[in-house]
Amino acid sequence: MTGNTDPRALRTREKLISAFHDAIRDSDPREMSVSALARAAGINRTSFYEHFASPEDLAIHALSELFDVVSNADIALRAQHSVTGAEASRRALHEIVSFVAARRDSYTRLLGPGAAPQLVHAVAEAFTERTVQALEPMDVRPPEADPLVTARFLAGGVLGVIGAWLADPDPDMSPDQLVEALIQCLPGWLLDG
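Residues numbered from 1 in each chain as written. Predicted model: local features only at pLDDT ≥ 70, side-chain atom pairs only at ≥ 80, totals over all residues. Heavy atoms only, no water.

1. Some remarks on helix α6 (residues 104-111)
Move 1: For α6, every residue scored as buried is listed here: S106, Y107, L110 and L111. With its buried residues spanning 105° around the axis, α6 presents them on a single face. (Buried < 20%, exposed > 50% of the residue type's maximum accessible area, 1.4 Å probe, protein only. Helix = DSSP H or I, 4+ residues; strand = E, 2+ residues; numbered from the N terminus. Arc of directions from axis to C-beta.)

2. Examining helix α8 (residues 147-167)
Move 1: For α8, built from 21 residues, the straight-helix expectation of 30 Å at 1.5 Å per residue is met to within 8% by its first-to-last C-alpha distance of 30 Å.
Move 2: Among all positions of α8, only P147, T150, A151, L154, A155, V158, L159, I162, G163, W165 and L166 are buried.
Move 3: Measuring from the backbone nitrogen of L148 back to the side-chain oxygen at the start of α8 gives 3.0 Å, which picks out D146 as the cap. (Expected span 1.5 Å × (residues − 1). Polar contact = N/O pair within 3.5 Å; in protein donor to acceptor, adjacent residues only side chain to side chain.)

3. Remarks on the nonpolar core
Move 1: Ranked by internal contacts, the top residues of the largest apolar core, which has 52 residues, are F20, F48, L58, Y107, L110, L111 and I162.
Move 2: In this view, I162 contacts I96, V97, V100, L111, L178 and L182; residues no more than four positions away in its chain are not counted. (Core = buried A, V, L, I, M, F, W, Y, C linked by side-chain atoms within 4.5 Å. Contact = heavy atoms within 4.5 Å.)

4. Let's talk about the packing of aromatic side chains
Move 1: Applying the stated rule across the entire model yields 2 aromatic pairs.
Move 2: Ring geometry for F48 versus Y49: centroids 5.6 Å apart, planes at 85°, classification edge-to-face.
Move 3: Looking at F48, the relative accessible area reads 0%, which means it is buried.
Move 4: On the accessibility criterion, Y49 (42% relative accessible area) is partly exposed.
Move 5: When the centroid spacing of 6.1 Å and the interplanar angle of 55° are considered together, the rings of F48 and F52 count as tilted.
Move 6: Through a chain of ring-to-ring contacts, three or more aromatic side chains come together here, namely F48, Y49 and F52.
Move 7: Lying across the ring of F99, R103 places its NZ or CZ 3.9 Å from the centre.
Move 8: For the cation-ring pair, R104 lies above W165, with the distance from its terminal atom to the ring centre recorded as 4.5 Å. (Phe/Tyr/Trp six-rings, centres within 6.5 Å; stacked < 30°, edge-to-face > 60°. Lys NZ or Arg CZ within 6 Å of the ring centre and 35° of its normal.)

5. A look at the side chain of T128
Move 1: Here T128 is to be found in helix α7 (residues 117-135).
Move 2: Those residues within four positions of T128 in sequence are excluded, and the remaining contacts are L148, A151, R152 and A155.

6. Let's talk about the packing of helix α5 (residues 85-102) against α8
Move 1: As a packed pair, α5 and α8 sit with axes 11 Å apart at the nearest point and diverge in direction by 35°. α5 and α8 meet at a crossing whose hand is right-handed. Contact with α5, carried on its side by L93, I96, V97, V100 and A101, involves V158, I162, W165 and L166 of α8 and no other residues of that element.
Move 2: In the contact of α5 with α8, the residues fall into 9 nonpolar, no polar and no charged. (Axes fitted to C-alpha atoms, helices over the stretch in contact; angles between N-to-C directions. Left-handed = near helix turned anticlockwise from the far one by under 90°. Nonpolar A, V, L, I, M, F, W, Y, C, P; charged D, E, K, R; others polar.)

So, in structure tokens, the structure goes:
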């Protein structure tokens, strides 16, 4: 039902996402319940299940919106050749890092070392799916660079590095420095495109 664009459905999803972000600041995502999230959003459990299958599904949806925005912007920038591949990658990574940095307390629990493995896996799969969509149409991608393998490598690496950065209460790198360090890890052909 997350595709439903009815204004009431959109408001309900926004309430649930807001309740999720509020709850994640104070509790372990593995201990979140549908009842508590529904109550915090001011809806009933049945309404929750009309939109999401579980608290993990809600978390993935909250992050997936970011991946959609980043992926679409990256694809558009590359298609228009309005910036270099390096700059398109830098902007995409900057959006992701800025998003999680602004919600550091929440996303440390979602992506850090203590995160629920099934949640991290699902977030990585959502990231992979969007990345494949960005990689497939690239004319600079070498024929032997499989889009799915590359996307899984990028998603696992980016999320792993961000998770470790979030888990450090006093990180050595600023968000901008982290983005630049991630840029150095990207395949050269991705930066050329």
